[in-house]
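Fold and geometry: a report
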Amino acid sequence: MPEHAGVIAAALASKRLLSEASQTWELSFTCSEPLTYQPGQFYSFVTERDGKQEVRAYSLTQAPDGDRMVLCLNRAGWYSNLLCDLKAGETVHVQGPYGGFVLHEGPGIILADGVGIAPVAAMVDALLRAQRNAGSLHLLHTASSESELFYRDRFERAEREITGFRYLPLPGVELAPRLEEILSQAGGEKPTAYIVGLNAFAAPLRQWLKDRGWDRKQIVFERYD
Ligand SMILES: Cc1cc2nc3c(=O)[nH]c(=O)nc-3n(C[C@H](O)[C@H](O)[C@H](O)COP(=O)(O)OP(=O)(O)OC[C@H]3O[C@@H](n4cnc5c(N)ncnc54)[C@H](O)[C@@H]3O)c2cc1C
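Rules and cut-offs
- Residues numbered from 1 in each chain as written.
- Predicted model: local features only at pLDDT ≥ 70, side-chain atom pairs only at ≥ 80, totals over all residues.
- Heavy atoms only, no water.
- Salt bridge = Lys/Arg side-chain N within 4 Å of Asp/Glu carboxyl O.
- Buried < 20%, exposed > 50% of the residue type's maximum accessible area, 1.4 Å probe, protein only.
- Domains from an automatic or database assignment.
- Contact = heavy atoms within 4.5 Å.
- Buried area = accessible area lost by both parts, 1.4 Å probe.
- Polar contact = N/O pair within 3.5 Å; in protein donor to acceptor, adjacent residues only side chain to side chain.
- Helix = DSSP H or I, 4+ residues; strand = E, 2+ residues; numbered from the N terminus.
- Disulfide = S-S within 2.5 Å.

Moving on: the pattern of salt bridges. This model, assessed by the stated rule, comprises 11 salt bridges. Notably, a salt bridge pairs Lys52 with Glu54, separated by 3.6 Å at the nearest N-O pair. Accessibility expressed as a relative area gives 51% for Lys52, which makes it exposed. Owing to a relative accessible area of 13%, Glu54 belongs among the buried residues under this scheme. Arg152 is paired through a salt bridge with Glu146; the nearest N and O atoms lie 2.8 Å apart.

Written as structure tokens, this is what we have:
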């Protein structure tokens with residue numbers, strides 16, 4: 001792809017397999033310029049396939065850190081396989097940042113499934129770096145198994161160090177009863193709901209909240225597919 005304004009080259013620095021079962025990888029890149037974004041945002045990966053432009057979005061998993069870019073992704077199909085198969089030094093091209101999946105003021109409840117935890121990892125990295133009070137922020141992370149509770153150490157550390165931050169890992173556990181419990185403790189107050197993951201996870205949850213009186217503006221929503 002030709003280099004032009006707005007396109008950033010990202011060279012793979014390192015990669016590691018986070019879960020064999022879900023084929024989830026963490027990839028670290030060194031970019032051609034420092035990245036400026038809000039924790040929770042994503043970059044578009046732009047490439048060509050059979051002469052046609054293809055774009056895939058990936059959330060960044062850390063607070064801004066100069067020219068470093070870290071992703072957490074599943075091998076799901078054509079482009080994600082290509083990314084996971086990159087060798088150190090190989091380059092891809094990205095544009096961004098994009099997206100409104102960022103923390104708002106006031107109490108919040110984050111509902112993430114599987115690799116949907118990627119943008120949340122960036123938000124919590126930022127809280128940890130700033131050692132900022134989170135007000136009241138609950139994170140509920142559902143996953144098929146313990147091995148898919150990515151960034152668990154980071155969230156447990158945040159629970160110890162960041163006032164108001166609560167982490168509930170839910171491996172193979174149904175979300176709705178825990179959600180009901182937390183919301184009932186909020187005593188009728190409606191925290192901002194942050195929902196992220198595949199549509200099969202995210203869309204029913206959004207509807208669940210709307211049915212209980214959440215306004216569209218109180219739901220920060222990001223679907224991967
Ligand atoms: C705003 C945004 C942020 C995203 N951030 C991430 C991220 O941080 N990590 C990440 O893994 N993906 C993320 N995605 C999904 C990513 O952009 C691609 O859609 C995904 O990697 C599949 O592309 P592909 O070419 O490999 O497969 P395709 O051939 O395009 O799709 C194959 C199938 O994979 C499904 N799929 C899409 N995403 C996933 C997934 N994550 N896990 C399992 N199945 C999936 C699709 O429904 C489709 O059926 C994000 C998408 C959006 C819109």
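Here the narrative resumes, following the displayed structure.
Once that is clear, we can look at the domain arrangement of the chain. How large an interface is tends to be reported as the accessible area lost when its parts come together. When the domains of the chain are assigned, the result is domain 1 (8–98) and domain 2 (108–223). Here the C-alpha centre of domain 2 lies 23 Å away from the C-alpha centre of domain 1. Residue-level contacts link 20 residues of domain 1 with 15 residues of domain 2. Buried surface at the junction of domain 1 and domain 2, summed over both partners, amounts to about 1,300 Å²; 59% is from carbon and sulfur atoms. Taken together, the links from domain 1 to domain 2 amount to 0 salt bridges. In this assembly, domain 1 and domain 2 are joined by 5 residue pairs in polar contact (both at pLDDT 80 or more). Of all the secondary structure elements, the ones that give two or more residues to the side of domain 1 that touches domain 2 are strand 1 (8–19), strand 2 (24–31) and strand 5 (68–74).

Take the state of the cysteines next. Inspection of the entire model under this criterion finds 0 disulfides. We note that Cys31 lacks a disulfide partner, and the nearest cysteine sulfur, in Cys84, lies 17 Å from it. For Cys84, which is in no disulfide, the shortest distance to another cysteine sulfur is to Cys72 and amounts to 9.6 Å. The exposure class of Cys84 is buried, given its relative accessible area of 1%.

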